[in-house]
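The residues making up each chain are set out below.
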Amino acid sequence: MGSLRDALTQPAGFVVAAELVTSRGPITSEGGARVLALARDLAADPRIDVLSITDNPAGHAMLSPDALGTDLISRGQEVIIHLACKDWNRNALESRGWQLSSGGFQNVLALSGDYPAVGHRGLAAPVFDIDSVGLISLFSEMNEGLPDARRPDKRLHRTDFFLGGVVTNHKRLEREVMPQYFKLRKKARAGARFVISQAGWNTRKDDELLRWIRRDGLGLHVLANVYLLSRTAARAFHRGIIPGIVVTDE
């Protein structure tokens, strides 16, 4: 496929991504080995163009996405690394950016992140020093070369991140959905070049998202979210345990 950046800019391109949720514990554990085997199977499937790896979803502590991604990019697989702001302040996020760039990761999905869940011996303290818009802005500036604080006349080496964000536009009421579109506009202006819609089951809302992006001239490439509901997942979503995802009685 080449890079995700190139694939999304092809006029007739249709990119297929698969999302991977990492496990708890080291990658050598039973759960880690199972996810790694699945990731390698997906990487070997010619129908899959890019693998998107989550960062502590639902606020739980999980294996870092680049621990799994390093194995995949060594196999020539295109990877999107999720990066959430809930666990890091802006200095740590900048440091994380240098780490990802040094590791060969270019595609970054910036998220504010879910509120932390119970961690080791209690509730983890949320950070949220900056949100997803601030993170996109920071990494965009890193792409331009940040000023060196120790030598103001010098700039640091440029990164080459291809930045994306998410939007949760599967909302029923105008007062719920419009803030999502306003924030999407901010993400595009901060430097986002692609967007992934969050899970939802109303194709009219997917059409609405495309129309909003065209109407606002945002220039974003869009990846739709297809989530195949199992009975177990549907029951969990129905109980409201996953923020932003609603499965109704019907």
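Look a little higher up for the structure.
Reading the values: rules and limits
- Residues numbered from 1 in each chain as written.
- Predicted model: local features only at pLDDT ≥ 70, side-chain atom pairs only at ≥ 80, totals over all residues.
- Heavy atoms only, no water.
- Helix = DSSP H or I, 4+ residues; strand = E, 2+ residues; numbered from the N terminus.
- Contact = heavy atoms within 4.5 Å.
- Areas by Shrake-Rupley, 256 points an atom, 1.4 Å probe, with all protein chains shown as cover.
- Lys, Arg positive; Asp, Glu negative; His and termini not counted.
- Charge placed at Lys NZ, Arg CZ, Asp CG, Glu CD.
- Pairing = 2+ DSSP bridges.
- Axes fitted to C-alpha atoms, helices over the stretch in contact; angles between N-to-C directions.
- Core = buried A, V, L, I, M, F, W, Y, C linked by side-chain atoms within 4.5 Å.
- Buried < 20%, exposed > 50% of the residue type's maximum accessible area, 1.4 Å probe, protein only.

Now for the overall build of the chain. Tallying secondary structure elements over the chain gives eight helices and 11 strands in all. C-alpha atoms of the chain, sized along the principal axes, occupy 60 × 50 × 40 Å. A sequence separation of at least 24 residues applies to 73% of the contacts in the chain between residues at least 6 apart. For the chain, the exposed surface amounts to about 14400 Å²; the carbon and sulfur share of it is 51%. Both charge centroids of the chain, one from 32 positive and one from 28 negative side chains, sit 3 Å from each other.

Turning our attention to the side chain of N56. Tracing the sequence through the fold places N56 in the loop between β2 (50–53) and α3 (65–73). Beyond its immediate chain neighbours, meaning those up to four positions away, N56 contacts A61, M62, K86 and D87.

This part covers the sheet that holds β2. One open sheet holds the seven strands; their spatial order is β1-β2-β3-β4-β9-β10-β11, and the pairing between them is parallel. If you trace the sheet from one side to the other, it starts and ends with β1 (17–20) and β11 (221–223), each paired once. Sheet twist, expressed as the mean angle between neighbouring strand axes with direction ignored, is 25°. In the sheet, strand β4 (residues 107–111) pairs with strand β9 (residues 162–167) via three bridges, with the strands oriented parallel. Across the sheet, L109 pairs through a bridge with G164, a residue of β9. Docked against the sheet, α3 engages β1, β2 and β3 (78–84), running at close to 170° with respect to β3.

On to the nonpolar core. Ranked by internal contacts, the top residues of the largest apolar core, which has 44 residues, are L68, L72, L135, F139, L184 and L220. Beyond its immediate sequence surroundings of up to four residues, F139 is in contact with L83, L93, G97, V108, T159, F161 and L163. If you look at the next biggest cluster of nonpolar residues, it comprises 14 residues, including I80, A84, V166 and L223.

Residues other than glycine seldom take positive phi values, yet N56 does so here, at roughly 45°. Here F128, not a glycine, exhibits a phi torsion of approximately 50°, which is positive. Tracing the chain through its elements places F128 in the loop between β6 (122–123) and α5 (132–144). On the accessibility criterion, F128 (31% relative accessible area) is partly exposed.

This part is about the environment of I136. The residue I136 is located in helix α5 in this model. On the basis of relative accessible area, I136 is assigned to the buried category, the value being 0%. For the pair I136 and A190, spaced 54 residues apart in sequence, the C-alpha to C-alpha distance is 6.0 Å. Once you skip the residues sitting within four places of it in the chain, I136 turns out to touch A110, L163, G164, K187, A190, G191 and A192.

It is worth stressing that arrangement in space is one thing and function is another; only the former is reported here.
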